[in-house]
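Spelled out from the first residue to the last, the chains are:
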Amino acid sequence: MPRKIIITTDPGQDEAAAILLILGSPEEFDVLGVVAVAGNVRLDRTLRNARQILELAGRSDIPVFAGCERPMQRALVTAEHVHGPEGLDGPALPLPTMPVQARHGVNFIIDTLRAEAVGSVTITSLSPLTTLATALVQAPDIAGRIGEIVMMAGAYFEGGNITPRAEFNVFVDPQAADVVLRCGAKMTILPLDVTHQMRSTPRRLAALEALGNRCGAALAAMLRFSEDFDMKKYRWEGAPLHGPCVPAFMLRPGLFQGRDVHVAIETGSELTMGMSVVDWWRITGEPANVHYVRDGDADGYYALLTERVGRLP
Ligand code: BDR
């Protein structure tokens, strides 16, 4: 039986890669809906981009919902400097024709978790956590109904990527990350500590291009665009590919290593706002609230991504 998932996302090229990996794995994932949120770019753009990706993959049957357009308490910070003005720059994709659902993404999350069997729905978060946290605040009963939350968020050993101490998805909405981390559901975090190991080297991008399908070509064009910023910043052989770590972990947990630890989010200090405070050495005695992934097999990760994208149109 495929695993029922709700995707919350702010595409973004690396989120597109994650969504394509999910759509290329229909035996493992049953996507109940995609909830777009403001993050890498504004909500109107992430909503358009999410639908462009679904249509690229021939999956306009998956409903798309508008999530939150701004963080819970702070002003929105976006990342056009990485992802381009449209957020999905690189390939020329047609404007989407599929609709945005009338129901708000917060209501979709609440209704779905209440309607489905307890523990049967996984939230795959590729973005700031605003919409999920808002749902948890409005309907605290849903926390006990979530099967698992698997999220790309946070950083500890790698510092930060938007400030010296904060990872982008947490920095955009630290209060939301704090709500989610305290909700009591089972969770896994794929932080920069592991995503920085997943670098899009020329050989790995060439393998995507060589697939010969439209999804492989579009994804390679996206990643060639978005790697430009990171290559100048890090001076590595390839740019980190964050988002697909979420579905890759769900598909092949054996590719990754981590620990069950306590993680808290800084929401007070402007200097370290959004910092993930990871009790890696179990100093505090606080009970673990998260499975925190630190390492991964990059060759295995790209082989999985390439194989699954190769199954798409
Ligand atoms: C995260 O920040 C965004 O810019 C990326 O798309 C990814 O979700 C990495 O920190």
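Here's what I pulled together on the structure shown here.

Calculation notes
- Residues numbered from 1 in each chain as written.
- Predicted model: local features only at pLDDT ≥ 70, side-chain atom pairs only at ≥ 80, totals over all residues.
- Heavy atoms only, no water.
- Near = heavy atom within 4 Å.
- Polar contact = N/O pair within 3.5 Å; in protein donor to acceptor, adjacent residues only side chain to side chain.
- 1 Å grid on protein atoms, 1.4 Å probe; cavity = no way out; pocket = protein on both sides within 12 Å on 5 of 7 lines; lining within 4 Å.
- Sits in = over half its atoms within 2 Å of the grid points.
- Helix = DSSP H or I, 4+ residues; strand = E, 2+ residues; numbered from the N terminus.
- Nonpolar A, V, L, I, M, F, W, Y, C, P; charged D, E, K, R; others polar.
- Pairing = 2+ DSSP bridges.
- Axes fitted to C-alpha atoms, helices over the stretch in contact; angles between N-to-C directions.
- Contact = heavy atoms within 4.5 Å.
- Expected span 1.5 Å × (residues − 1).
- Buried < 20%, exposed > 50% of the residue type's maximum accessible area, 1.4 Å probe, protein only.
- Salt bridge = Lys/Arg side-chain N within 4 Å of Asp/Glu carboxyl O.
- Parallel < 35°, antiparallel > 145°, perpendicular 65-115°, else oblique.
- Points joined across faces, edges and corners; volume = space filled by probe spheres on them.

### Topic: the site of the ligand
And step 1. Taken together, the residues surrounding the ligand are Asp14, Glu15, Asn40, His83, Leu126, Met152, Asn161, Glu167, Phe168, Asn169, Leu192 and His242.
And step 2. For the ligand, an oxygen atom lies 2.5 Å from a polar atom in the side chain of Glu167.
And step 3. Taken atom by atom, the bulk of the ligand overlaps the largest pocket.
And step 4. Looking at the shell around the ligand, the elements with two or more residues in it are α1 (13–23) and α6 (168–172).
And step 5. For the shell around the ligand, the class distribution of residues is four nonpolar, five polar and three charged.

### Some thoughts on the sheet that holds strand β5 (residues 146–152)
And step 1. Spatial strand order, β3-β2-β1-β4-β5-β6-β10-β7: eight strands in an open sheet with mixed pairing. The sheet terminates laterally at β3 (64–66) and β7 (256–261), the two strands that pair on one side only. Taken pair by pair, the neighbouring strands of this sheet meet at an average axis angle of 25°, ignoring direction.
And step 2. As paired elements, strand β6 (residues 187–190) and strand β10 (residues 290–296) share two bridges and run parallel to each other. Bridge pairing in β10 places Thr188 opposite His291.

### Some remarks on the environment of Glu86
And step 1. Along the chain, Glu86 falls in the loop between α3 (80–83) and α4 (105–115).
And step 2. For the pair Glu86 and Arg45, spaced 41 residues apart in sequence, the C-alpha separation works out to 6.5 Å.
And step 3. Setting aside chain neighbours within four positions, we find Glu86 in contact with Val41, Arg45, Arg48 and Asn49.
And step 4. There is a polar contact of 2.9 Å between the side chain of Glu86 and the side chain of Arg48.

### Considerations on helix α12 (residues 298–309)
And step 1. If you check α12, its first and last C-alpha atoms are 16 Å apart, about what twelve residues at 1.5 Å a residue would give, namely 16 Å.
And step 2. The element α12 is largely enclosed, with a buried count of nine among its twelve residues.
And step 3. Listed as buried for α12 are Ala298, Gly300, Tyr301, Tyr302, Leu304, Leu305, Thr306, Arg308 and Val309.
And step 4. Here the buried face of α12 lies against α1, α9 (202–209), α10 (214–234), α11 (245–251), β7 and β10.
And step 5. The distance from a side-chain oxygen at the start of α12 to the backbone nitrogen of Asp299 is 3.1 Å, and the residue carrying that oxygen is Asp297.

### Side note on the pattern of salt bridges
And step 1. Counted according to the given criterion, the structure contains 20 salt bridges.
And step 2. Of the charged contacts, one joins Asp44 and Arg42 as a salt bridge, the two residues approaching to 2.7 Å between their closest N and O atoms.
And step 3. Classification of Arg42 as partly exposed rests on a relative accessible area of 40%.
And step 4. When the shortest N-O distance is used, the salt bridge between Asp61 and Arg59 registers 2.9 Å.

### Let's talk about the packing of α9 against α10
And step 1. Viewed as axis vectors pointing N to C, α9 and α10 meet at an angle of 150°, and their least axial separation amounts to 7 Å. One way to sum up the angle between α9 and α10 is to call them roughly antiparallel. Between α9 and α10, the contacting residues are Leu205, Ala206, Leu208 and Glu209 on the first element and Gly216, Leu219, Ala220, Leu223, Arg224 and Glu227 on the second.
And step 2. Of the residues in the contact of α9 with α10, the class split is six nonpolar, one polar and three charged.

### Things to note about unusual backbone geometry
Glycine aside, negative phi is the norm for most residues, and most peptide bonds take the trans geometry.
And step 1. Cis rather than trans, the peptide bond between Pro11 and Gly12 has omega equal to -10°.
And step 2. Structurally, the position occupied by Gly12 is in the loop between β1 (3–9) and α1.
And step 3. A positive phi angle, near 60°, is found at Arg235, a position not held by glycine.
And step 4. Positionally, Arg235 belongs in the loop between α10 and α11.
And step 5. Although it is not a glycine, Arg282 adopts a positive phi angle of roughly 55°.
And step 6. You can see Arg282 is positioned in the loop between β9 (276–278) and β10.
And step 7. The class for Arg282 is exposed, based on a relative accessible area of 51%.

### Observations concerning the layout of surface pockets
And step 1. When its volume is computed, the largest pocket comes out at roughly 370 Å³.
And step 2. Around the largest pocket, the lining is made up of 29 residues, and of these Asp14, Val82, His83, Asn161 and His242 lie nearest the centre.
And step 3. Elements represented by at least two residues in the lining of the largest pocket include exactly α1, α3, α6 and α10.
And step 4. Of the residues forming the lining of the largest pocket, the biggest block, seven residues, is contributed by α10.
And step 5. Broken down by class, the residue content of the lining of the largest pocket amounts to 13 nonpolar, ten polar and six charged.

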